[in-house]
Amino acid sequence: MDLREQAVEFAHENKGRFLSELVDFVRMPSVSTNPENAADIQKTAEWLVAELKKRGCTRVEVFPTPKHPVVYGEWLGAGADKPTVLVYGHYDVQPVDPIDLWDTPPFTPTVKGDYMFARGVSDMKGQIQAALKAVESIQAVGPFPVNVKYIFEGEEEIGSPNLEPFMREHTDLLKCDFALNPDSGMIAAGVPTIVYALRGLAYFEIRLYGQDHDLHSGLYGGVVQNPANVLCELIAGMKDADHRVTLPGFYDKVRPLSDEERAELARLPLTEEYYLSGTGARKLVGEKGYTWVERAGARPTLDVNGLYSGFIGDGSKTVLPYYAMAKISTRLVPDQDPVEIRQSLEKYLDAHIPDTMRYEIIEHAGSKASITDIHTPYVKALEKAMETVWNKRPLYKREGGSIPVVGHMQEILGIESVLTGFGLPDDNVHAPNERLLLPNWYQGIDALIHFFYNL
Ligand code: BES
Ligand code: MN
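First, a word on scope: everything that follows refers to the structure included in this document. (Residues numbered from 1 in each chain as written. Chains lettered and ligands numbered in written order. Predicted model: local features only at pLDDT ≥ 70, side-chain atom pairs only at ≥ 80, totals over all residues. Heavy atoms only, no water.)

Notes on the overall build of the protein chain
- Helices and strands together make up the secondary structure of the protein chain, namely 14 helices and 18 strands.
- The principal-axis extent of the C-alpha atoms belonging to the protein chain is close to 85 × 50 × 45 Å.
- For the protein chain, the residues scored as buried account for 56% of the 455 residues in total.
- The contacts in the protein chain between residues at least 6 apart in sequence include a share of 79% that link residues at least 24 apart.
- A total of about 19,900 Å² of accessible surface is found on the protein chain, and carbon and sulfur atoms cover 50% of it. (Helix = DSSP H or I, 4+ residues; strand = E, 2+ residues; numbered from the N terminus. Buried < 20%, exposed > 50% of the residue type's maximum accessible area, 1.4 Å probe, protein only. Contact = heavy atoms within 4.5 Å. Areas by Shrake-Rupley, 256 points an atom, 1.4 Å probe, with all protein chains shown as cover.)

This is the structure we're talking about:
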């Protein structure tokens, strides 16, 4: 038996322990957006430090940032003639609300059938564990074939605000040949997938103020304009009947899709039926002139992510609210720039807002889209590894989600990322009852073992 077969066998023999170590990781409520979870974030970072030490790292460090720490580790024992891979992960997770809709508590990982249920188990603690367990399996049977660095951040789910400055400050520390980023997923179970493009994100909170306090809606309704009504009109005008965004200049920088790429995308099994069954939607909608797969990954969008105004408690209260708020995100494609998107939003608001109102924009996460070079030996190494495990060639997909670090790594470190992951579209990421399909996860560990040897 050669080393790689022995390593795969080790992984298979240790499935039970790998699973219980996934539970340890996932039970820590590392919600990056909640200030009250700051101590849990810290604990999770320390847990990773201990893991990296077990993985033989000769240097492990926690770098504080203005918000959540970056965990760094390195093992460079393969020698200068071997490539260095930078393994990326985010150990933070999304909030759990609406908590009432969870069948089991989000931070009490629960196995039911082939799934484990818990917040973050798919996005992306399970993916980090898959990488660490692949490394462990290889180390258990022999020397690790390449040099490896690790960077784990605690702020991806809030847009990685402090990772970019960290990377600019530590370009030498992070020097490597490429990154392995397992924060994307698969098209379906048993369908290995390599992602080659991610959308960017520009996220805004719009606050619309009318008068300076709430009013009785009977005494003043009819003479004082209602910011909730106005905000709804403004939002309604942000898209037209063809589902195109109307913010002035929104599409100016969009790089058109080539005919070749459109033909490639058309071959993916991402049909209307696929999106219908994965979502439970009654019917799909989308931008005129584009296919489903293009709309979901290769075209920009605008969506309301949250709305608030007036009285939202049980029962009723007659009130004319003094302000209204919407959280609105736009998903961007190359070469749109989040800064220019903010300007087009401002232009739109300035042109349409009535003089009874004043607005304020609070900017949240922002990042550019990225496209990855898939003709690198590193991507080939993963392609071959996936073929070995699943007996089929992986599909190349443009992903509609965002991972800000991918663009930053290209820009700051000059490196490409190999983007993969073993979560599925129906894992309920960012939603109640997030889950991970365990048989697929075990195969993912096998695939990464082959990947590291293939390098
Ligand atoms: N892992 C996701 C992105 C993703 C999901 C890629 C599914 C491929 C398949 C990532 O953690 C994520 O959710 N990113 C946020 C980024 C944002 C908060 C800046 C997103 O896309 O909303
Ligand atoms: Mn996420």
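After that view, the rundown keeps rolling.
With respect to the nonpolar core
- Formed by 105 residues in total, the largest nonpolar core has its most connected members in M409, W441 and F452.
- Top contributing element to this core by residue count: helix 14 (residues 438-454), with ten residues.
- Setting aside residues no more than four positions away along its own chain, W441 makes contact with F18, L19, L22, G126, Q129, A130, F422 and L436.
- Counting 28 residues, the second largest nonpolar core, distinct from the first, contains V230, M238, A326 and I361. (Core = buried A, V, L, I, M, F, W, Y, C linked by side-chain atoms within 4.5 Å.)

Thoughts on unusual backbone geometry
- The omega torsion of the bond from D97 to P98 falls at 5 degrees, within 30 degrees of zero and hence cis.
- Structurally, P98 is set in the loop between strand 3 (84-90) and strand 4 (110-112).

A few points about the packing of aromatic side chains
- Counting across every chain of the model gives 18 aromatic pairs.
- Geometrically, the ring pair formed by Y150 and F152 is tilted, given 6.0 Å between the ring centres and 40 degrees between the ring planes. Here the two residues Y150 and F152 agree in accessibility, since each one is buried.
- These aromatic residues form a ring-pair network of at least three members: W75, F144, F178, Y378, F451 and F452.
- Over the ring of Y442 we find K15; its NZ or CZ atom is 4.8 Å from the centre of that ring.
- One residue, R244, lies across the ring of Y251, its end atom 4.1 Å from the ring centre. (Phe/Tyr/Trp six-rings, centres within 6.5 Å; stacked < 30°, edge-to-face > 60°. Lys NZ or Arg CZ within 6 Å of the ring centre and 35° of its normal.)

Looking at the side chain of N433
- Tracing the backbone through its elements, the reader meets N433 in the loop between strand 17 (417-419) and strand 18 (435-437).
- In this structure N433 comes out as buried when scored by relative accessible area, which is 14%.
- Separated by 3.1 Å, the side chain of N433 and the backbone oxygen of L101 make a polar contact.
- Sequence-distant contacts of N433, defined by excluding residues within four places in its chain, comprise L101, W102, D103, T104, F117, D427 and N428. (Polar contact = N/O pair within 3.5 Å; in protein donor to acceptor, adjacent residues only side chain to side chain.)

Things to note about the site of ligand 1
- Looking at ligand 1, there are 15 residues lining it, with E156, D183, R331, S402 and H430 nearest.
- H90 is positioned with one of its side-chain polar atoms (N or O) 3.1 Å from an oxygen atom of ligand 1.
- Coverage of ligand 1 by the protein chains reaches 86% of its 520 Å² of free accessible surface.
- Taken together, the residues that form the shell around ligand 1 break down as three nonpolar, six polar and six charged. (Near = heavy atom within 4 Å. Nonpolar A, V, L, I, M, F, W, Y, C, P; charged D, E, K, R; others polar.)

Let's talk about helix 13 (residues 404-413)
- The element helix 13 is extensively covered by neighbouring structure, given that eight of its ten residues are classed as buried.
- Every buried residue belonging to helix 13 is among P404, V405, V406, G407, H408, M409, I412 and L413, and all of these are buried.
- At the exit of helix 13 stands G414, carrying a positive phi of roughly 70 degrees.

Just distances and angles here, no functional claims.
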